[in-house]
Amino acid sequence: MTTAQTQELDVQPTPLALLLLGREADPRSERGVECPGDLPSPSDPDLVARARAAKEKLGDKVFVLGHHYQRDEVIQFADVTGDSFKLAKDAAARPEAEYIVFCGVHFMAESADILTSDDQKVVLPDLAAGCSMADMATAEQVAECWDTLNEAGIAEQVVPVSYMNSSADIKAFTGKHGGTICTSSNAKRALDWAFEQGEKVLFLPDQHLGRNTAVRDMGMTLEDCVVYNPHRPNGGLTAEELRGAKMILWRGHCSVHGRFSLDSVNDVRERIPGVNVLVHPECKHEVVAAADYVGSTEYIIKALEAAPAGSKWAIGTELNLVRRLANRFAAEDKEIVFLDKTVCFCSTMNRIDLPHLVWTLESLAEGTLVNRIEVDKETEAFAKLALERMLALP
């Protein structure tokens, strides 16, 4: 098609296309698009020294959190490392830190802002570090889903359970409707609690964690689960299907963990005899069913720490962590490989790099607050209520 023909058609980019191109912004979305200011060059040989100097100048005023999936160049400056909820709690436990620099993604920084004091300022080094999974459930979509459940006559029976990997808006919806938050390590406890409160669960936004927990850990069947697709009328489900389901799973997934397949498992077993397959519960159900071990990021780390020398492991989680663990345990003669042959980092998590971290720390050291993540008070109150319910789980 020629340029003239394109102009005649008057083709206009969609709002989503403009957002992804960095020409528009949605403050309620996980996808940020701007990083104001001039970033240092990635080739600057002094980046490490600059980051160290800025961090030393800030002293106790700054507390740097590093998610396990971050690059090594960033992790080296983290005061603590961990998964999203652990890091948010760590931030809340450091009230003397004026600045919380969260090297992770947007929903994690939101959680830290919810759990920390009003005097603390949470900063995300790159506002474009979002989460594709969290993006798959918007407040408007979930409100429409609840209307569908009301029309089916079952909303009063449904308890929402939202994964930590969700926006503050979704956490607030969960709190407002009597539900709780869960992590990948306490999902069963959260579901046990939810089924004590009601007859059905709306699980947001990761269908795989919800399905794996219900079927693998709680003895339900796949027929007990239905998938609500927010892009189809009534979620693509009939009222009868909704009434017959125990688990109403949101059609969302992790873009990294969703890549692993049953073929990946079979292939690695052929290539490495005696290998132990260890995967995250965000993987597809058939991958989890074929694995030897299943658990959260912290579970994966502890399993490898306890593994005997000479053991072989194929890990189904984000590549930065797998590579770091492989290097860490190489001296103990533990063979650790990535489950899939295709190299796959978390692209949004990888947006936090050394230039962004240097820019952030130097800006703060100069007294300029940048990229603050702040949740409005009403959203914070209901989201905190849902988080507190999780903290109160037995």
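Residues numbered from 1 in each chain as written. Predicted model: local features only at pLDDT ≥ 70, side-chain atom pairs only at ≥ 80, totals over all residues. Heavy atoms only, no water.

## A short note on the environment of Val277
Logical step 1: By the secondary structure assignment, Val277 is in strand 10 (residues 276-279).
Logical step 2: Considering only alpha carbons, one finds Val277 and Ala314, 37 residues apart in sequence, at a separation of 4.9 Å.
Logical step 3: When neighbours within four sequence positions are excluded, Val277 is seen to be in contact with Val265, Val268, Arg269, Ala291, Asp292, Tyr293, Ala314 and Leu339. (Helix = DSSP H or I, 4+ residues; strand = E, 2+ residues; numbered from the N terminus. Contact = heavy atoms within 4.5 Å.)

## Focus on the packing of aromatic side chains
Centre-to-centre distance and the angle between the planes together describe a pair of aromatic rings.
Logical step 1: According to the stated counting rule, one finds 4 aromatic pairs in the structure shown.
Logical step 2: Their ring planes at 80 degrees and their centres at 5.6 Å tell us that Trp146 and Phe173 sit as a pair that is edge-to-face. Taken together, the positions of Trp146 in helix 8 (residues 139-151) and Phe173 in helix 9 (residues 168-176) put the pair 27 residues apart, joining distant regions of the chain.
Logical step 3: A residue is classified by how much of its surface remains accessible, and Phe173, at 12% relative accessible area, is buried.
Logical step 4: Ring plane angle 25 degrees and centroid distance 5.2 Å describe the contact between Tyr228 and Trp250, whose orientation is recorded as stacked. You can see Tyr228 sitting in strand 8 (residues 225-228) and its partner Trp250 sitting in strand 9 (residues 247-250), a full 22 residues away along the chain. A single burial state applies to Tyr228 and to Trp250, both of which are buried.
Logical step 5: The ring centre of Phe382 lies 4.9 Å from the NZ or CZ of Lys176, which sits over that ring. (Phe/Tyr/Trp six-rings, centres within 6.5 Å; stacked < 30°, edge-to-face > 60°. Buried < 20%, exposed > 50% of the residue type's maximum accessible area, 1.4 Å probe, protein only. Lys NZ or Arg CZ within 6 Å of the ring centre and 35° of its normal.)

## Side note on the pattern of salt bridges
Side chains bearing opposite charge may pair, as long as their charged atoms lie close to each other.
Logical step 1: Scanning the model with the defined rule gives 18 salt bridges in all.
Logical step 2: A salt bridge links Glu362 to Arg50, with the nearest nitrogen and oxygen atoms 2.8 Å apart. Here Arg50 lies in helix 3 (residues 47-58) and Glu362 lies in helix 17 (residues 354-365), a separation of 312 residues in the sequence.
Logical step 3: Between Glu96 and Arg94 there is a salt bridge, with its nearest N and O atoms 2.6 Å apart.
Logical step 4: Given a relative accessible area of 47%, Glu96 falls into the partly exposed group.
Logical step 5: Through salt bridges with shared partners, a single network forms among Asp44, Arg50 and Glu362. (Salt bridge = Lys/Arg side-chain N within 4 Å of Asp/Glu carboxyl O.)

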